[in-house]
Amino acid sequence: MHDLVHDLAKSVAQFEQHTLDAIEKINSNEVQHVLLSGDDPEEVLTLLQKITKLRTILFRNGGATSLSFVTTCASKFKYMRYLDLSDSSFEVLPSSIGNMKHLRYVSLLRNKRIKKLPASICKLYHLQTLILAECSELEELPRDMGNLINLMFLSITTKQRALSGTENGLGCLISLRSLLIYACNNLEFIFEGMQNLTAVRTLVIVGCPSLVSLPTSVKHLPALENLVFGDCERLNLMDGDGDSEDDIQGSTSRLCTFIISALPQLEALPQWLVQGPTASNLHCFGINGCHNFKGLPESLENLTSLQELRIGDCPQLSTLPEGMHRLTTLKVLSIDDCPELRKRCMPKIGEDWHRIAHVPEINIDGESIKWTTNN
């Protein structure tokens, strides 16, 4: 930060922030943001009782917290905006959290014991970020998640078999911009009607081994820019893939990045990706660890804005489409752990070299290929 701006920020915040050791006392009731440098949050809480405007508590050494800490925060600090409960170990979140009406951020990241969230969490109407990733024992999400009308970022790990999108469920989160579904071992179904999530820009589905197919509405998310699928051993992207012209033409037109990783069922790319509106805007496409993936389609040349193509650990992928040379915007091509494809893409001698010689940056198995069309 520029020195002048830094000095200005310090002068504005001098009555609002404080760094606190466990033995130190606070004399100002105007403190709003506290960084705890002590190792015992419970001891420190006794020093914060007179502060009525506290909005943020941060832990210098991580946020190892207990149930009593959360209960105290909910009863004493009504103006809290930021509540980081990462790596906590309590089994039940107190229902009093619903009283913290001003919360914007709540994280339960890596809580390995929590089984249930109180219904009152759905009363946090100003909440913008809710992190439930790696909550491996969480049995289900609260019924009225749709009440979180200002929620913009949501990450989920749950033991549910299906995620509900109707009746005030996830499909009603009209402000949601990023949705991460992570390590949901039992998840088989994701709700239809995802196109109602009109603000979602990033969708990540990773580590869901029981997930077989996706709702067709995934490709109709109107604002979708980044799409990632990974480590879903039963997922077949072709299931439910509409092949009608209307369905393809109705696919999202804003998708910029599409990453596929460790999908053993994948043999080919869905048509909506390489045809219709989606094809014209995709900038980055990556596929890795798909051992049954057999080939990129000839229609890959429709990706007229593609700048990066990264291929890794796809042993059955042995050749590139004939029309690769028409991808004039392609700047980076990376190929790793694809033995047959490597041979065909070697400079001058490879059968596919003429298809990629125009690409400025080519990396094969970590080796940069320096070559120009003038050679």
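Owing to the predicted nature of the structure, the values given are computational and were not obtained by experimental measurement.

Describing the overall build of the protein
Now for step 1: Scanning the protein for helices and strands turns up seven helices and 18 strands.
Now for step 2: Contacts spanning at least 24 positions in sequence make up 56% of the contacts within the protein whose residues lie at least 6 apart.
Now for step 3: Surface exposure of the protein reaches about 17700 Å², of which carbon and sulfur atoms provide 49%.

Topic: the layout of surface pockets
Now for step 1: Here the largest pocket defines a volume of roughly 350 Å³.
Now for step 2: Along its surface, the largest pocket is lined by 14 residues, and Glu140, Leu141, Pro142, Arg143 and Gln160 are the ones closest to its centre.
Now for step 3: Among the residues making up the lining of the largest pocket, the classes are represented as six nonpolar, four polar and four charged.

So, the environment of Asn288
Now for step 1: Relative to the elements of secondary structure, Asn288 occurs in strand E14 (residues 284-288).
Now for step 2: Separated by 23 residues in the primary sequence, Asn288 and Ile311 place their C-alpha atoms 5.8 Å from one another.
Now for step 3: If sequence neighbours within four positions are ignored, Asn288 has contacts with Ile260, Ser261, Ala262, Gly312 and Asp313.

Some words on the environment of Ser175
Now for step 1: The topology assignment puts Ser175 in the loop between strand E8 (162-163) and strand E9 (178-182).
Now for step 2: With 26 residues separating them along the chain, Ser175 and Ile149 place their C-alpha atoms 6.2 Å apart.
Now for step 3: Those residues in contact with Ser175 that sit more than four places away from it in its chain are Ile149, Asn150, Leu151, Met152 and Ala199.
Now for step 4: Polar side-chain contacts of Ser175 include one of 2.6 Å to the backbone oxygen of Ile149.

Quick notes on the pattern of salt bridges
Where charged atoms from two side chains of opposite charge come close, those side chains can pair.
Now for step 1: Summed over all chains, the structure comprises 14 salt bridges.
Now for step 2: Ionic pairing is found between Glu91 and Arg113, a salt bridge with its closest N-O pair at 2.9 Å. One end of the pair, Glu91, is in the loop between strand E4 (82-84) and strand E5 (105-107); the other, Arg113, is in the loop between E5 and strand E6 (129-132), with 22 residues separating them in the sequence.
Now for step 3: On the basis of relative accessibility, which here comes to 42%, the residue Arg113 falls in the partly exposed class.
Now for step 4: For Lys112, the salt bridge identified is with Glu134, shortest N-O distance 3.6 Å. Remark: Glu134 occurs in the loop between E6 and strand E7 (153-156) and Lys112 occurs in the loop between E5 and E6; sequence separation between them is 22 residues.
Now for step 5: The exposure class of Glu134 is partly exposed, given its relative accessible area of 24%.
Now for step 6: One salt-bridge network, held together by shared partners, links Glu322, Arg344, Glu351, Asp352 and Arg355.

Examining unusual backbone geometry
Now for step 1: Not every positive phi belongs to a glycine, and Asp231 is a case in point at roughly 55°.
Now for step 2: Summarising the element assignment, Asp231 is placed in the loop between strand E12 (226-230) and helix H4 (245-249).

A few points about the pairing of strand E17 (residues 361-364)
The side chains of a regular strand alternate between the sheet's two faces.
Now for step 1: Two elements, strand E16 (residues 332-336) and E17, share four bridges in a ladder whose sense is parallel. Of the residues in E17, the one forming a bridge with Ile335 is Ile364.
Now for step 2: Relative to strand E18 (residues 367-369), E17 runs antiparallel, the two sharing three bridges. Looking at the pairing, Ile364 lines up with Glu367 of E18.
Now for step 3: The loop that links E17 with its antiparallel partner E18 comprises two residues; one of these, Asp365, has a positive phi angle of about 50°.

Points about the pairing of E12
Now for step 1: Strand direction decides the pairing type here: strand E11 (residues 202-206) and E12, joined by five bridges, are parallel. Directly across from Thr202, in E12, lies its bridge partner Asn226.

Remarks on the confidence of the model for the protein
The predicted coordinates ought not to be read in detail in places where the model reports low pLDDT.
Now for step 1: When pLDDT is averaged across the protein, the result is 85; 81% of the residues are at 70 or more.
Now for step 2: Under a pLDDT of 50 for its full length, residues 8-24 has, in the predicted model, 31 contacts with residues more than four places off or in other chains.

Points about the packing of aromatic side chains
Now for step 1: Applying the stated criterion across every chain yields a total of four aromatic pairs.
Now for step 2: The interplanar angle of 85° and the centroid separation of 5.9 Å between the aromatic rings of Phe229 and Phe258 together place this pair among those described as edge-to-face. Here the residue Phe229 occupies a position in strand E12, and Phe258 occupies one in strand E13 (residues 257-261), the gap between them amounting to 29 residues.
Now for step 3: A relative accessible area of 1% means that Phe229 is categorised as buried.

Some points on the side chain of Ser178
Now for step 1: On the secondary structure map, Ser178 appears in strand E9.
Now for step 2: On the basis of relative accessibility, which here comes to 18%, the residue Ser178 falls in the buried class.
Now for step 3: In this view, Ser178 contacts Met152, Phe153, Leu154 and Thr202; residues no more than four positions away in its chain are not counted.

Thoughts on the side chain of Ser251
Now for step 1: Note on placement: Ser251 falls in the loop between H4 and E13.
Now for step 2: Here the side chain of Ser251 touches Thr278 through a polar contact of 3.1 Å, side chain to side chain.
Now for step 3: Setting aside residues up to four positions removed in sequence, Ser251 forms contacts with Lys219, His220, Trp272, Gln275, Pro277 and Thr278.

Conventions used here
Residues numbered from 1 in each chain as written. Predicted model: local features only at pLDDT ≥ 70, side-chain atom pairs only at ≥ 80, totals over all residues. Heavy atoms only, no water. Helix = DSSP H or I, 4+ residues; strand = E, 2+ residues; numbered from the N terminus. Contact = heavy atoms within 4.5 Å. Areas by Shrake-Rupley, 256 points an atom, 1.4 Å probe, with all protein chains shown as cover. 1 Å grid on protein atoms, 1.4 Å probe; cavity = no way out; pocket = protein on both sides within 12 Å on 5 of 7 lines; lining within 4 Å. Points joined across faces, edges and corners; volume = space filled by probe spheres on them. Nonpolar A, V, L, I, M, F, W, Y, C, P; charged D, E, K, R; others polar. Polar contact = N/O pair within 3.5 Å; in protein donor to acceptor, adjacent residues only side chain to side chain. Salt bridge = Lys/Arg side-chain N within 4 Å of Asp/Glu carboxyl O. Buried < 20%, exposed > 50% of the residue type's maximum accessible area, 1.4 Å probe, protein only. Pairing = 2+ DSSP bridges. pLDDT = per-residue confidence, 0-100. Phe/Tyr/Trp six-rings, centres within 6.5 Å; stacked < 30°, edge-to-face > 60°.

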